[in-house]
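Examining the three-dimensional arrangement
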Amino acid sequence: MVDISEIKVEGWERVVRGVDPDAGLHGIVAVHDTTLGPALGGLRMWPYASEDEALVDVMRLSRGMTYKSALAQTGLGGGKAVIIGNASTDKSPALFHAMGKLIDSLGGKYITAEDVGIGIEDLDQVRETTKWVSGLSIENGGSGNPSPYTAHGTFVGLKACLEEVWGSADFSGKTFAVQGIGAVAKPLCEAIRKEGGVVVAADVNEKNLQWVRDHLDGTEIVEPNSIYDVDCDVFVPCALGAVLNDATIPRLKAKAVGGCANNQLGEERHAAMLQEKGILYAPDYVINAGGIINVSCEFEPGGYKESSAMPKIENIYHALKEVFAKAREDGITTSEAADRVAERRISEGQKVRE
Ligand code: NAD
């Protein structure tokens, strides 16, 4: 039996805790805002030191999803879920069935998906006790691996960056310093090179560097810590969060930053630091929304179709143009501008509902 209880948090529509000692479940679902639609956001499994720590994280992440979906115009709201536990040792079918029951208790207000520590095979188990699961494999009726779609969205987002800085979306002759050659960066680097861009790559994983040697002929590889010093036009963070900080920003030679990594700013003030240095920052949650946009298309009548997802993903280009214009008009950072555009969409949605 999953013991489900409410946690009252101001500013969040609902936050629920689910505990089932037999199944090893101690989880929280946070529904931040459903003005624009059901709250979609991934399920994270992490060994939080306390419930408070898990609560802070799930609140922060669920709020971020509201903004991300509002800007991406997915017709969804923002939510997130966490399981307190070790993803390497604590997984079991019983755990995921219990988590599915917790999600199901929200009656579709929250739709789950993959996140850190959770794979498609885990979601398949969650799906056995709730239908409110997205991002399943194509065989199971989902939209499959989101990474190529995130890459495509990042690529069209880079076009908007090039136009903003250089007045043309021409990749040829421009150098892109790519940090992390993983699932998203691989197709992204291929697309950049196809358009005539030059890639400089860094990764901590030798297998991925070998992929660079095998697939991106002639690409320079630098040490992970040297990627910030590369003489480039665009810095493309595709690995970790908090890579734009007091130590790294002074080293950047790029005129623009645009990549798929989540939470790139060490702190919000680093957006202003980039601006002062004359570096255009493509807010991460705008440029990396291709995956979530793709997943959102699973809820269209008739189910997921790539042909209907692609134009929506390509809209990231226009979303970024709007954010850059807002930043210019209001004299604010692009990060603040993205939040303002998202907030306006949500308040317009509220008016439609009233
Ligand atoms: P991934 O794990 O496949 O790739 C990350 C790569 O970064 C790996 O190759 C890893 O070896 C490398 N790396 C780790 N530390 C590094 C360091 N210090 N220097 C250089 N490289 C380093 O992940 P991914 O799915 O490609 O996602 C990349 C980023 O984009 C993550 O921040 C992820 O949260 C974010 N993101 C991904 C998606 C998606 O659809 N996959 C969607 C939105 C956001």
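Residues numbered from 1 in each chain as written. Predicted model: local features only at pLDDT ≥ 70, side-chain atom pairs only at ≥ 80, totals over all residues. Heavy atoms only, no water.

Things to note about the overall build of the protein chain
Within the protein chain, the secondary structure is distributed over eleven helices and 13 strands. In terms of C-alpha radius of gyration, the protein chain reaches 20 Å, essentially the compact-globule figure of 20 Å for 354 residues. Along the first, second and third principal axes, the C-alpha set of the protein chain runs to 60 × 50 × 40 Å. Expressed as a percentage of contacts within the protein chain between residues at least 6 apart in sequence, the contacts between residues at least 24 apart total 61%. Summed over its atoms, the accessible surface of the protein chain is roughly 15000 Å², and 50% of this surface lies on carbon and sulfur atoms. Across the protein chain, the 35 positively charged side chains and the 51 negatively charged ones have centroids separated by 4 Å. (Helix = DSSP H or I, 4+ residues; strand = E, 2+ residues; numbered from the N terminus. Rg over C-alpha atoms; globule rule 2.2 N^0.38 Å. Contact = heavy atoms within 4.5 Å. Areas by Shrake-Rupley, 256 points an atom, 1.4 Å probe, with all protein chains shown as cover. Lys, Arg positive; Asp, Glu negative; His and termini not counted. Charge placed at Lys NZ, Arg CZ, Asp CG, Glu CD.)

Brief notes about the domain arrangement of the protein chain
Structurally, the protein chain comprises domain 1 (3-58 + 76-139) and domain 2 (147-289 + 318-343). The straight-line distance from the C-alpha centre of domain 1 to that of domain 2 is 30 Å. (Domains from an automatic or database assignment.)

Details of the packing of helix α10 (residues 306-330) against helix α11 (residues 334-353)
In contact at an axis separation of 8 Å, α10 and α11 are set at 110° when each is read in the N-to-C sense. On the basis of their axis angle, the class for α10 and α11 is roughly perpendicular. In this structure, α10 contributes Glu322, Val323, Phe324, Lys326, Ala327 and Asp330 to the contact, and α11 contributes Thr334, Ala337, Ala338, Arg340, Val341, Arg344 and Arg345. Looking at side-chain class alone, the contact of α10 with α11 contains six nonpolar, one polar and six charged residues. (Axes fitted to C-alpha atoms, helices over the stretch in contact; angles between N-to-C directions. Parallel < 35°, antiparallel > 145°, perpendicular 65-115°, else oblique. Nonpolar A, V, L, I, M, F, W, Y, C, P; charged D, E, K, R; others polar.)

Brief notes about unusual backbone geometry
Phi is positive for Gln73, which is not a glycine, with a value near 55°. Its place among the elements puts Gln73 in the loop between α1 (51-72) and β6 (77-84). Of note, the phi angle at Asn263 is positive, near 50°, even though the residue is not glycine. Taking the relative accessible area as the measure of exposure, Asn263 reaches 43% and is therefore partly exposed. (Buried < 20%, exposed > 50% of the residue type's maximum accessible area, 1.4 Å probe, protein only.)

Re the packing of α1 against α11
Contact geometry of α1 with α11 gives a least axis separation of 8 Å together with a crossing angle of 80°. It follows from the interaxial angle that α1 and α11 lie roughly perpendicular. Here Thr66, Tyr67, Ala70 and Leu71 of α1 lie close against α11, whose contacting residues are Ala338, Asp339, Val341, Ala342, Glu343, Arg345 and Ile346.

Thoughts on the layout of surface pockets
Quantified by volume, the largest pocket comes out at close to 1600 Å³. For the lining of the largest pocket, the leading source of residues is α1, giving eight residues. Across the lining of the largest pocket, the residue classes break down as 21 nonpolar, 17 polar and eleven charged. Mapped onto the domain boundaries, the lining of the largest pocket takes at least three residues apiece from domain 1 (3-58 + 76-139) and domain 2 (147-289 + 318-343). (1 Å grid on protein atoms, 1.4 Å probe; cavity = no way out; pocket = protein on both sides within 12 Å on 5 of 7 lines; lining within 4 Å. Points joined across faces, edges and corners; volume = space filled by probe spheres on them.)

Quick word on the site of the ligand
The local shell around the ligand holds 22 residues, among which Thr150, Ala183, Asp203, Asn208 and Asn262 are the closest. A distance of 2.9 Å separates an oxygen atom of the ligand from a polar backbone atom of Ala183. Contact between the ligand and Ala239: an oxygen atom at 3.1 Å from a main-chain N or O atom of the residue. Contact with the protein chains removes 71% of the 830 Å² of surface that the ligand exposes when unbound. The cavity where the ligand resides is the largest pocket. Classifying every residue of the shell around the ligand by side-chain character gives twelve nonpolar, nine polar and one charged. (Near = heavy atom within 4 Å. Polar contact = N/O pair within 3.5 Å; in protein donor to acceptor, adjacent residues only side chain to side chain. Sits in = over half its atoms within 2 Å of the grid points.)

What about the packing of aromatic side chains?
Within the structure shown, the criterion is met by three aromatic pairs. Taking the centre distance of 5.4 Å and the plane angle of 20° together, the rings of Phe171 and Phe176 count as stacked. Assessed through its relative accessible area of 0%, Phe171 is described here as buried. Ring-pair connections join several aromatic residues into one group, and the members of that group are Phe155, Phe171 and Phe176. The aromatic ring of Trp166 is capped on one face by Lys174, whose charged end is 4.9 Å from the ring centroid. (Phe/Tyr/Trp six-rings, centres within 6.5 Å; stacked < 30°, edge-to-face > 60°. Lys NZ or Arg CZ within 6 Å of the ring centre and 35° of its normal.)

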